[in-house]
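The lines below spell out each chain.
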Amino acid sequence: MSNKIGVLVMSYGTPQSMDDVEAYYTHIRRGHAPTPEQLEELRGRYEAIVGGVFPLRENTDRQVASLQDKLEQLAPGRYACYQGLKHAQPYIEDGVQRMAEDGITEAVSIVLAPHYSIMSVGSYNKRAKEKAAELGIAMSCVDSYHLHPKLIEALTDRVKDALRKLADTAKHERGESFDGRMKVLFSAHSLPEKIREMNDPYERQLLETSAAVAEAAGVTDWQFTWQSAGRTREPWLGPDVLDTLRTLREEGYDAALVAPIGFVSDHLEVLYDLDIEAKAFTAEIGMSMERTAMLNSDPFYMETLADSVVEAASKIGTE
Ligand code: FEC
């Protein structure tokens, strides 16, 4: 038996290699294999971002190691971090299994995504809790940390930096015609519209983070928009970032900063959907665009995670 508290750090997961994309996509689609066209389309997006490598894997590894270091500083010898991925190995259940093999009996789970939806963080925590119960581990779950002061500070710094960069880009691209007006678009992964009927906090939490960051950065001209909607028949939350950019152009804006606050890492949904797709779209409609840098292993983000873990640890066995 171990006296350490296990910390299950969960993330979306990404394929191990190009050969693994089909299995990964099939897992996302709950066991339904994609059509050959869908598979080619997804492989094409991975090829386009960095020639078929998968930055999310290395970023998650680094985030888990950095959180371990931060917890070690706060409470030497008290916590042991384990990784669990939603759609790739090591799966969430594998992470819990490893804890059990190391004799862990008390644990915390946390997701590398700040906002709670029953369809996102809720489903990670459900899988973690079920496996923990099966193996006799008492587990307390972190649901969200979207207003943690250190998270807001880290995001605010990124918005301020990117606004300076956007002003330079716009002056360079537009010269005299740039009037200095820039819209900040906070964005997050869309979900099916049906979450609204479930009284899901996702949308509210995203707006709260956006408002807090805008206020701290002194930004008054901002709005929230969705991105990366799934390719299914049901309606997804909108407007999508591309529609929003088009509307802004029609309203006379010629510069926009996209701040994808729903994500914490460089990965496909940022490197393709924003850096390639949205960038090409803004170039086509004659608009300047930049996006904020991702948090990755930012020290303030690690402090946010560590504080949330310590708070959840104090509740183990009480839920
Ligand atoms: O870089 C990478 O390899 C992985 C990037 C990636 C992240 C991510 C985050 C979220 N997703 C969320 C919800 C959904 C729902 C569906 C869905 C589908 C996909 C597909 C790919 C994909 N997601 Fe994702 N998501 C990432 C990648 N996602 C690839 C499949 C092809 C496509 O639609 O583009 C629809 C599932 C279905 O078909 O039923 C729903 C949410 C997040 C943010 C929170 C989190 O990180 O968990 C929510 C990163």
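Note that the coordinates shown come from a computational prediction; the quantities given were computed from them, not determined experimentally. (Residues numbered from 1 in each chain as written. Predicted model: local features only at pLDDT ≥ 70, side-chain atom pairs only at ≥ 80, totals over all residues. Heavy atoms only, no water.)

(A) Region of interest: the overall build of the protein chain. Summing up its helical and strand segments, the protein chain has eleven helices and eight strands in all. Against the globule reference of 20 Å for 319 residues, the protein chain gives a C-alpha radius of gyration of 20 Å, in line with a compact fold. Taking the principal axes of its C-alpha atoms as reference, the protein chain extends roughly 70 × 45 × 40 Å. Split into buried and exposed, the 319 residues of the protein chain put 53% on the buried side. The long-range share in the protein chain, meaning contacts at least 24 apart out of those at least 6 apart in sequence, stands at 79%. Of the accessible surface of the protein chain, which amounts to about 14400 Å², a share of 50% is contributed by carbon and sulfur atoms. Distance between charge centroids for the protein chain: 1 Å, based on 34 positive and 51 negative side chains. (Helix = DSSP H or I, 4+ residues; strand = E, 2+ residues; numbered from the N terminus. Rg over C-alpha atoms; globule rule 2.2 N^0.38 Å. Buried < 20%, exposed > 50% of the residue type's maximum accessible area, 1.4 Å probe, protein only. Contact = heavy atoms within 4.5 Å. Areas by Shrake-Rupley, 256 points an atom, 1.4 Å probe, with all protein chains shown as cover. Lys, Arg positive; Asp, Glu negative; His and termini not counted. Charge placed at Lys NZ, Arg CZ, Asp CG, Glu CD.)

(B) The arrangement of the coordination of the iron atom of the ligand in detail. Within the protein, a single donor atom binds the iron atom of the ligand, namely Tyr12 (OH) at 2.3 Å. With respect to the helices and strands, the residue tyrosine 12 is situated in the loop between strand S1 (5-11) and helix H1 (21-28). (Donors = N, O, S within 2.8 Å, 3.2 Å for Na, K, Ca; no water.)

(C) Just the packing of aromatic side chains, in detail. If you walk through the whole model with that rule in mind, you get five aromatic pairs. Summarising the aromatic geometry, the rings of tyrosine 145 and tyrosine 301 are spaced 6.2 Å apart at their centres and angled 45° between planes, so their arrangement reads as tilted. Taken as a pair, tyrosine 145 in the loop between strand S4 (138-141) and helix H6 (149-174) and tyrosine 301 in helix H11 (residues 299-313) lie far apart in primary sequence, 156 residues in all. Each member of the pair tyrosine 145 and tyrosine 301 is classed as buried. With 5.5 Å between their ring centres and 75° between their planes, phenylalanine 186 and tryptophan 222 make a pair best called edge-to-face. Placement of the pair is phenylalanine 186 in strand S5 (residues 183-189) and tryptophan 222 in strand S6 (residues 222-227), with a sequence separation of 36 residues. Taking the relative accessible area as the measure of exposure, tryptophan 222 reaches 27% and is therefore partly exposed. Aromatic ring contacts, followed pair by pair, group Tyr202, Phe224 and Trp226 into a single cluster. A cation over a ring is seen here: arginine 29 above tyrosine 25, with NZ or CZ 5.9 Å from the ring centre. Sitting over the face of the ring of phenylalanine 300, lysine 150 holds its NZ or CZ atom 4.7 Å from the ring centroid. (Phe/Tyr/Trp six-rings, centres within 6.5 Å; stacked < 30°, edge-to-face > 60°. Lys NZ or Arg CZ within 6 Å of the ring centre and 35° of its normal.)

(D) Representation of the side chain of threonine 60 in the model. Of note, threonine 60 is situated in helix H3 (residues 55-74). Residue classification places threonine 60 among the buried positions, given a relative accessible area of 2%. A polar side-chain atom of threonine 60 sits 2.8 Å from the main-chain carbonyl oxygen of leucine 56. In this structure threonine 60 touches Ser11, Gln83, Leu85 and Leu112, once residues within four positions along its chain are discounted. (Polar contact = N/O pair within 3.5 Å; in protein donor to acceptor, adjacent residues only side chain to side chain.)

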